Amino acid sequence: MKISVLGAGAWGTALAIQAAERHEVLLWARDADAVAAMRAARRNERYLPEAALPAALQLSADLAAAIAHAREGLIIIATPMAALRGMLAALPAGARCLWLCKGFEAGTGLLGHEIAREAAPALTVGILSGPSFAQEVALGQPTALVAASFDAALAQAAVEAFHSERLRVYTSADPVGVEVGGAVKNVMAIAVGIADGLRLAAEARGDAAQNRLNAPGLNARAALITRGLAEMLRLGLALGARTETFMGLSGMGDLVLTATGDLSRNRRVGLMLAQDLALADILRQLGHVAEGVYSAPTVLKRAQDRGVDMPITAAVVAVLEGRLGPAAAVDLLMGRQARSEH
């Protein structure tokens, strides 16, 4: 199969590395200098320095050529959510593509499949998602993903393209649920990072042992993940998703990984917010996109528009906007009135 991966960040590069073992793969980057550097080093030194680029992997800064390469094959859009609309609009009618980005579009509040319906209705589209750190995929560590599309043949094409001994790809006919899971889990990872950061800070000062600050612990982490899943499910059902999707890879699986994994950028945002660092400084230190920062206000607005209660999301937005301190956000959530779990 001829595959073009549009976007040479960590995740796009990792997927291109894996697919190049069995298919004709071209990895496109916008920056010609970055492409030249990757050709010379056979590594993506900026985003994925740990993994070598296979000799068979083609590299290009020519978008038209990259699109033409996969005209009869499969196009993977590996840009941040902010660039998805423009990339979809650049593809020819009839092209088959899946995107890797997770979140809601800023301004419109649309999910990927909604953007595609509006900007490129002549395309066959879907999403490739699930609990996956790019570094582990690039190094061939076992990973499971889900390919979701309203077009069953496209989901199956993703299986043919990427399923291997080390990378399992399941299919789903619920792109709505897969996208909601992928967007909301980033917000919840920030919340868990905040709670874990408060605990680590208390331990560093010796406060946790005396319980002077009542710092959140592992119990709080479990509660946030579980109640975060409940928020994700409520919003997903309101937008037309299926319940079972949130019990799978793109729901619970991705939430657990992103909320607890040390490689998670969204979790790191929460950890640094708990240190009272300014958000602008945090994003500058990361050097990569943390989609939860940009998705959180949109997640909250879509929930409010549908009458869906999402208190954890609301608390994260308040912290990101500087209206609430990290410790006060935890206190606010713990002070909510008792209610039925379901």
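Per-chain numbering applies: the sequence of each chain, read as written, is numbered from 1 onward. The predicted origin of the model limits local features to residues at a pLDDT of at least 70 and limits the giving and counting of side-chain atom pairs to 80 or more, whereas totals for whole chains, interfaces and linings rest on all residues. As a rule here, side-chain values cover all heavy atoms of the structure and leave hydrogens and water aside.

The chain has the name Glycerol-3-phosphate dehydrogenase [NAD(P)+] in an unreviewed UniProt entry, where Paucibacter sediminis is given as its organism. Listed in UniProt under the heading Sequence similarities (unreviewed entry), the comment for the chain reads: "Belongs to the NAD-dependent glycerol-3-phosphate dehydrogenase family." UniProt positions are given in the numbering used here, feature names are shortened, and annotations may be inferred rather than shown by experiment. UniProt lists a comment for the chain under the heading Subcellular location (unreviewed entry), and it reads "Cytoplasm".

Engineer: Describe the overall build of the chain, listing the residues and the values that go with them.
Structural biologist: Scanning the chain from N- to C-terminus turns up 16 helices and 10 strands. Taking the principal axes of its C-alpha atoms as reference, the chain extends roughly 60 × 40 × 35 Å. Only protein chains enter the calculation, and the probe is 1.4 Å; a residue is then buried if its accessible area is under 20% of its type maximum, exposed if over 50%, and partly exposed in between. Buried positions account for 54% of the 342 residues belonging to the chain. Any two residues whose heavy atoms approach within 4.5 Å at even a single point are treated as in contact. When contacts within the chain are restricted to residue pairs at least 6 apart in sequence, those whose partners lie at least 24 apart make up 67%. Secondary structure is summarised from DSSP: a helix means a run of H or I of at least four residues, a strand means a run of E of at least two, and numbering begins at the N terminus for each.

Engineer: Tell me about the sheet that holds strand S5 (residues 58–60), and name the residues and values.
Structural biologist: What makes two strands pair is DSSP finding at least two bridges between them. Pairing in this open sheet of eight strands is mixed, and the strands run S5-S2-S1-S6-S7-S8-S9-S10 from one edge to the other. Two strands in the sheet have a free side with no partner beyond their single neighbour: S5 and strand S10 (167–172). Here the average twist between neighbouring strands, direction ignored, is 25°. Note: strand S7 (residues 96–99) against strand S8 (residues 124–129), four bridges, orientation parallel. Bridging across to S8, Trp 99 finds its partner in Ile 127. Axes, fitted as lines to C-alpha atoms, cover a helix only where it is in contact. Angles between the N-to-C directions of the axes lie from 0 to 180 degrees.

Engineer: Outline the layout of surface pockets, supporting the account with residue identities and numerical values.
Structural biologist: By volume, the largest pocket is sized at about 1,300 Å³. Looking at the largest pocket, it is lined by 47 residues, and the ones nearest its centre are Gly 9, Ala 10, Trp 11, Tyr 47 and Arg 265. Contributing elements (two or more residues each) for the lining of the largest pocket: helix H1 (10–19), helix H2 (32–41), strand S3 (43–44), strand S4 (48–52), helix H6 (134–138), helix H8 (175–205), helix H11 (249–260) and helix H12 (265–273). Of the residues forming the lining of the largest pocket, the biggest block, four residues, is contributed by H2. A 1.4 Å probe that fits into a set of points on a 1 Å grid over the protein atoms alone but cannot get out defines a cavity; an open set with protein on both sides within 12 Å along at least five of seven lines defines a pocket, and lining residues are those with an atom within 4 Å of a point. Grid points are joined across faces, edges and corners, and a volume is the space filled by probe spheres set on the points.

Engineer: Quick rundown of the pattern of salt bridges? Include the residues and the values.
Structural biologist: Any Lys or Arg side-chain nitrogen found within 4 Å of a carboxyl oxygen on Asp or Glu counts as a salt bridge. Counted by the stated rule, this structure contains 12 salt bridges. Arg 85 is paired through a salt bridge with Glu 118; the nearest N and O atoms lie 2.9 Å apart. Note that Arg 85 is positioned in helix H4 (residues 84–90) and Glu 118 in helix H5 (residues 112–119), a separation of 33 residues in sequence. Across the salt bridge formed by Lys 185 and Asp 254, the nearest N and O atoms sit 3.7 Å from each other. Here Lys 185 is found in helix H8, whereas its partner Asp 254 is found in helix H11, with 69 residues between them in sequence. This pair shows no difference in class: Lys 185 is buried, exactly as Asp 254 is. One network of salt bridges, in which partners are shared, links Asp 196, Arg 199, Glu 203, Arg 221 and Arg 267.

Engineer: Explain the environment of Leu 271 to me, using residue names and the numbers behind them.
Structural biologist: For Leu 271, the location among the structural elements is in helix H12. It is 16 Å that separates the C-alpha atoms of Leu 271 and Thr 313, two residues lying 42 residues apart in sequence. In this view, Leu 271 contacts Gly 193, Ile 194, Asp 196, Gly 197 and Leu 200; residues no more than four positions away in its chain are not counted.

Engineer: Explain unusual backbone geometry to me, using residue names and the numbers behind them.
Structural biologist: We note that Arg 42 has phi near 55°; this positive angle belongs to a residue other than glycine. Tracing the backbone through its elements, the reader meets Arg 42 in the loop between H2 and S3. A relative accessible area of 24% means that Arg 42 is categorised as partly exposed. Despite not being glycine, Asp 276 has its phi angle at roughly 65°, a positive value. Of note, Asp 276 is situated in the loop between H12 and helix H13 (279–286). The exposure class assigned to Asp 276 is exposed, which follows from its relative accessible area of 64%.

Engineer: Got a sec to walk through the state of the cysteines? Specific residues and values, please.
Structural biologist: Two cysteine sulfur atoms form a disulfide, by the criterion used here, when they sit within 2.5 Å. A complete count under the given rule lists zero disulfides for this structure. Free of any disulfide, Cys 97 has its nearest cysteine sulfur in Cys 101, 10.0 Å distant. Among the residues examined, Cys 97 registers a relative accessible area of 0% and is labelled buried.

Engineer: Summarise the environment of Ala 51; cite the residues concerned and give the values.
Structural biologist: Position of Ala 51 relative to the elements: it lies in strand S4. Assessed through its relative accessible area of 3%, Ala 51 is described here as buried. Sequence-wise, Ala 51 and Ala 158 are 107 residues apart; in three dimensions their C-alpha atoms are separated by 23 Å.

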